[in-house]
Amino acid sequence: MSRKLLEIENLTTSFQIGDEYYAAVDDVSLTVNRNEVLGIVGESGSGKSALAFSIMRLHNRAKIEGKIKLEGIDLAKASTSDLNKLRGDKLSMIFQDPLTALNPLMEIGAQINETLILHRPKMSKQERYDRVIELLDLVGITGPEYVYQQYPHELSGGMRQRVIIAIAIANKPQLLIADEPTTALDVTIQAQILDLIRELRDEMDAGIILITHDLGVVAEMADRVAVMYAGQIVEIADVHTLFENPLHPYTRSLLNSVPTEGQDRLHVIQGIVPGLQHLPRTGCRFAARIPWIDESVHEENPLLHEVTPGHFVRCTCHSYFYFPEKGKEEITHGDT
Amino acid sequence: MWKFIVRRLLITFPQIVLLSILIFLMSQFMPGDALTGMLDPNVDQSTIQEQRERMGLNDPWHIKYANWVSGLVQGDLGQSFRFKMDVSELISQRMENTLLLGIVTLIFTYLIAIPLGITSGRYNDTLLDQAITGYTYVGFATPLFIFGLVMLFIFGYQLGWFPTSGSVGPGMVPGTLDYWISKLKHVMLPALSMALIQTVSTVQYLRSEIVDTKQKDFIITARAKGASESRVYNRHIFRNSLLPIAAFIGWEITTLIVGTVFIEQIFGYPGMGLLFLESINMRDYSVVTALVLLFGIAQILGTLLSDIILSIVDPRIRIK
Ligand SMILES: Nc1ncnc2c1ncn2[C@@H]1O[C@H](COP(=O)(O)OP(=O)(O)OP(=O)(O)O)[C@@H](O)[C@H]1O
Ligand SMILES: [Mg+2]
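Please read these numbers as outputs of a predicted model, since none were measured by experiment.

Caption draft 1: Focus on the overall build of chain B. In terms of regular secondary structure, chain B is built from 12 helices and 2 strands. When its helices and strands are written in sequence order, chain B yields α-α-α-β-β-α-α-α-α-α-α-α-α-α. On the principal axes, the C-alpha backbone points of chain B span a range of 85 × 55 × 40 Å. Taken across its 320 residues, chain B has 44% of its residues classed as buried. Taking the intrachain contacts of chain B between residues at least 6 apart in sequence as the baseline, contacts between residues at least 24 apart amount to 73%. In the form shown here, chain B has an accessible surface area of approximately 16,400 Å², with 67% of it arising from carbon and sulfur atoms. Taken together, the 24 basic and 23 acidic charged side chains of chain B have centroids lying 14 Å from each other.

Right, dumping it as structure tokens:
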């Protein structure tokens, strides 16, 4: 069996605003192997969820270009009925917002049960019930029989998030996309959920896409990490390389914004990701946020360069980047 | 749920009391009183005064109110000077007709609204949706009494499919099958006329509920489970959109009351609405007062019904 589970080639997802299409995911290519956790990090608005939704083909109105191959099947071209066979079964997703992702008028148990009904028609009612109880138990919900017949509004945000996780792992997917799966959870439950994801990976030889703001979780879970900015991947590398030798200015500022031991100040680069309509579409998209760097060091049309095997970084500007407070002498030149 | 319903019922009581006070005060400002219509104008003033005193018509208002209410509770709504009979008896005759008209109208309203609303909401911004939305605009713009007249003219007079007035054919024996068939025939056209106009707000409401629900996150969750389009609609969208519609029924009843007044007049249908207009014309104030009170209570009960239905079907309220 090929180790490659998901291959995304030149994926561009655009939304229509007014008469124009604006790309929220811009020419993204990446691979997820079996038994691998790919972390995706990036600020709010960088297109992480848009990418996840594109893979699941859950966007209502979006133009999708490029290829999304899951074990050879191109999801970008798959019919709705083919997608329905895959979604919830081989391919599933944990949603970012636990408060709105559950049907308010449906019992918790029925909502988990639905995904079994859809993909495990041979299971008996009793088997399905037992499986739902087992799943609730797995995600750390106490009193699963009671919670089974509760409604979403009776559960806390953390409980709801765990229900969403239970739905996503119910049929043991081959590819699990987890969009901020642990934000609403306290530390113990978070550890339990991360364990659960690891178990799924090992048991099913599954690939995991883990989207998160939490670099601690990335360090703990991910094998490789992709950094997204303004819809593009600006850097991708295995987790050790990325944490030890981050190159792209954006990656470096992200890593610098986590307070770690022995570091007395945070370097947070000012500004936010601009809205889709206001994104720069040519040149280095990050240039505007590092105005103290000479403009001439940016590429005209920044590409991903493989600096060491498996370590890609976009634009040449990273070789000349320094944090303003630190001064030029501390620049680490990348080996381009 | 029971807690909610009990609390809701407790609020209803003062509402009704307040309503009765208002209506009582209003009736006090109406020209004339219970005696005006009854007496021969040739009787001399002192006799009238004596009579007034005896009947308690000179008492302060709160005593009169208390008397009135205790009469109401015992089913005594006063006398109709025009029909020379108890108002309660007069109204109960008419109430049966209005109830029938109301129920048939409600059935038509939902029979029209649910398929149209669902189609329009599901296929929003298609030609079909535009046609349905067009109908709702026309419905909103058309006054009920003009539409009723047109319906009466076409289906009653021109085509002769339905009787043009009354609530039952002459010479029918109450209780027989023929009697009920005749009643239904009489109620059909007014009910349909009213439903065709009044349903448009329900159609629009249902449409916007569906369009709204379609964009909810939990619909994405359902799709992510692999639910087919029809399952997404049947299990998730319609269920969640029909719920507020179920609660709409109370509101529907309140608009129905206003509607019956016009429709009964146009179709010469002897119900409470027609009685109301007749009594106003004849200055039969005891009847008018009783009807206003009943209409008001029906409105209050209508909203009560809505809230109770909602509390039964919506688990979010059921708990509180
Ligand atoms: N359906 C849509 N229509 C139009 N614009 C959209 C749509 N979905 C997302 N966007 C835009 O695409 C950009 C990327 O959004 P996305 O939700 O993917 O960000 P994100 O990286 O997941 O952020 P967060 O960390 O806050 O979840 C944003 O500018 C957002 O406004
Ligand atoms: Mg997101």
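Caption draft 2: Helix 1 (residues 2-29) of chain B, seen in detail. Here helix 1 of chain B is 28 residues long and its end C-alpha atoms lie 41 Å apart, about the 40 Å a rise of 1.5 Å per residue gives. Turning to helix 1 of chain B, its buried residues are Phe4(B), Ile5(B), Arg8(B), Thr12(B), Leu19(B), Ser20(B), Ile23(B), Phe24(B) and Ser27(B).

Caption draft 3: Region of interest: the environment of Leu77(B). Residue and element names in this part refer to chain B. By the element assignment, Leu77 lies in the loop between helix 3 (61-73) and strand 1 (79-80). In this structure the C-alpha to C-alpha distance between Leu77 and Lys64, which are 13 residues apart in sequence, comes to 14 Å. In this view, Leu77 contacts Leu72, Val87, Ser88, Ile91, Ser286 and Ala290; residues no more than four positions away in its chain are not counted.

Caption draft 4: Here's a closer look at the confidence of the model for chain B. Residues and elements named next belong to chain B. For chain B, per-residue confidence averages 84 on the pLDDT scale, and 93% of positions sit at 70 or higher. Least confident of the elements in chain B is helix 12 (residues 315-319), whose mean pLDDT is 65; most confident is helix 8 (residues 217-224), at 94. Taken over the whole predicted complex, pTM reads 0.81, whereas the ipTM for its chain interfaces reads 0.86.

Caption draft 5: Quick look at the site of ligand 1. All names here are of chain A. Residues in close proximity to ligand 1 total 13 residues, the closest being Ser44, Lys48, Ser49, Ala50 and Gln96. Within the contact set of ligand 1, an oxygen atom lies 2.9 Å away from a side-chain nitrogen or oxygen of His213. Top element by residues in the shell around ligand 1 is helix 1 (residues 48-56). It accounts for 3 residues. Counted by class, the shell around ligand 1 contains 4 nonpolar, 7 polar and 2 charged residues.

Caption draft 6: Main features of the interface of chain B and chain A. Chain B puts 22 residues into the contact, and the matching count from chain A is 26 residues. Carbon and sulfur atoms make up 57% of the surface buried where chain B meets chain A, a total of about 2,200 Å² over both sides. Taken as a group, Ala224(B), Lys225(B) and Arg316(B) account for 27% of the area that chain B buries against chain A, more than any other trio of residues on that side. Its salt-bridge partner being Glu114(A), residue Arg231(B) comes within 2.8 Å of it at the nearest N-O pair. Counting across the chain B and chain A interface gives 14 residue pairs in polar contact (both at pLDDT 80 or more). Of the residues forming the side of chain B that touches chain A, the biggest block, 7 residues, is contributed by helix 9 (residues 229-266) of chain B. Split into classes, the residues belonging to the side of chain B that touches chain A amount to 7 nonpolar, 5 polar and 10 charged.

Definitions and cut-offs
- Residues numbered from 1 in each chain as written.
- Chains lettered and ligands numbered in written order.
- Predicted model: local features only at pLDDT ≥ 70, side-chain atom pairs only at ≥ 80, totals over all residues.
- Heavy atoms only, no water.
- Helix = DSSP H or I, 4+ residues; strand = E, 2+ residues; numbered from the N terminus.
- Buried < 20%, exposed > 50% of the residue type's maximum accessible area, 1.4 Å probe, protein only.
- Contact = heavy atoms within 4.5 Å.
- Areas by Shrake-Rupley, 256 points an atom, 1.4 Å probe, with all protein chains shown as cover.
- Lys, Arg positive; Asp, Glu negative; His and termini not counted.
- Charge placed at Lys NZ, Arg CZ, Asp CG, Glu CD.
- Expected span 1.5 Å × (residues − 1).
- pLDDT = per-residue confidence, 0-100.
- Near = heavy atom within 4 Å.
- Polar contact = N/O pair within 3.5 Å; in protein donor to acceptor, adjacent residues only side chain to side chain.
- Nonpolar A, V, L, I, M, F, W, Y, C, P; charged D, E, K, R; others polar.
- Buried area = accessible area lost by both parts, 1.4 Å probe.
- Salt bridge = Lys/Arg side-chain N within 4 Å of Asp/Glu carboxyl O.

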